[in-house]
Amino acid sequence: MPESSSAASVPSTPAAEAAVIYREKLWPNAWIWIIAAGVSGAGILVFAPISAAAGYTAAVVLFAIIAVLLVLSTPTIVVTRKTLTVGRATIERRFVGAVQPFRGGEATAERGTRLNGLAYLCIRGWIDPVVKVEITDPSDPTPYWLTSTRRPDELTAALSRH
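Quick caveat, the model's predicted, so the values are computed rather than measured. (Residues numbered from 1 in each chain as written. Predicted model: local features only at pLDDT ≥ 70, side-chain atom pairs only at ≥ 80, totals over all residues. Heavy atoms only, no water.)

A.B. asks: Hey, could you run me through the side chain of T156 in this one?
C.D. replies: In this structure, T156 sits in helix α6 (residues 152-160). Setting aside anything within four residues of it in sequence, one finds T156 in contact with V99, Q100, P101 and V131. (Helix = DSSP H or I, 4+ residues; strand = E, 2+ residues; numbered from the N terminus. Contact = heavy atoms within 4.5 Å.)

Right, here's the structure in full:
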């Protein structure tokens, strides 16, 4: 009796549903690292009266602390066939409605004067473009998610595919 390949006829597998369509890590820009180095350099000024070694040690320790905090607080955007994850929040894609990218003045308005107080925000000041993702879940009071992204058109396209 010939073997039947039932796996080949299954259109959707757990691995396929979990396959990442889009991924972006919202790393700090170079100027954020320069500011971190400058702030940590203040440790030299604070501890220099004690000793130069204490000042340099304080600067290194402050920079290490700031770097760890920046890395640990860097959010990720992940789109799979079934879910959208932005930072710590995850939602099923079936509850994702209209998706709109914004740049420049329009992005500033979305983060400011047009912002709904109930929206979920994952915005970083060093990334200008944002994407607005409408939430259609009737039991969720959040009207939309607003997230910073360096690739708004790619994120919009990934969320528009079904």
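A.B. asks: Just checking my understanding: could you explain the packing of aromatic side chains for this structure?
C.D. replies: Centre-to-centre distance and the angle between the planes together describe a pair of aromatic rings. This structure, assessed with the given rule, holds 2 aromatic pairs. Residues W33 and F63 carry aromatic rings whose centres are separated by 6.4 Å and whose planes lie at 55 degrees to one another, so their mutual orientation is tilted. Pair noted here: W33 is in helix α3 (residues 30-47) and F63 is in helix α4 (residues 52-72), with a separation of 30 residues, a long-range link. Residue F63 is classed as partly exposed on the basis of its relative accessible area, which comes to 31%. Geometrically, the ring pair formed by Y120 and W145 is tilted, given 5.1 Å between the ring centres and 55 degrees between the ring planes. With Y120 in strand β6 (residues 120-122) and W145 in strand β8 (residues 144-148), this residue pair connects regions lying 25 residues apart in the sequence. The exposure class assigned to Y120 is partly exposed, which follows from its relative accessible area of 24%. In this structure W145 comes out as buried when scored by relative accessible area, which is 6%. Residue placement shows K25 over the ring face of W27; its charged tip is 5.4 Å from the ring centre. K132 extends its terminal NZ or CZ atom over the ring of Y144, reaching a point 4.4 Å from the ring centre. (Phe/Tyr/Trp six-rings, centres within 6.5 Å; stacked < 30°, edge-to-face > 60°. Buried < 20%, exposed > 50% of the residue type's maximum accessible area, 1.4 Å probe, protein only. Lys NZ or Arg CZ within 6 Å of the ring centre and 35° of its normal.)

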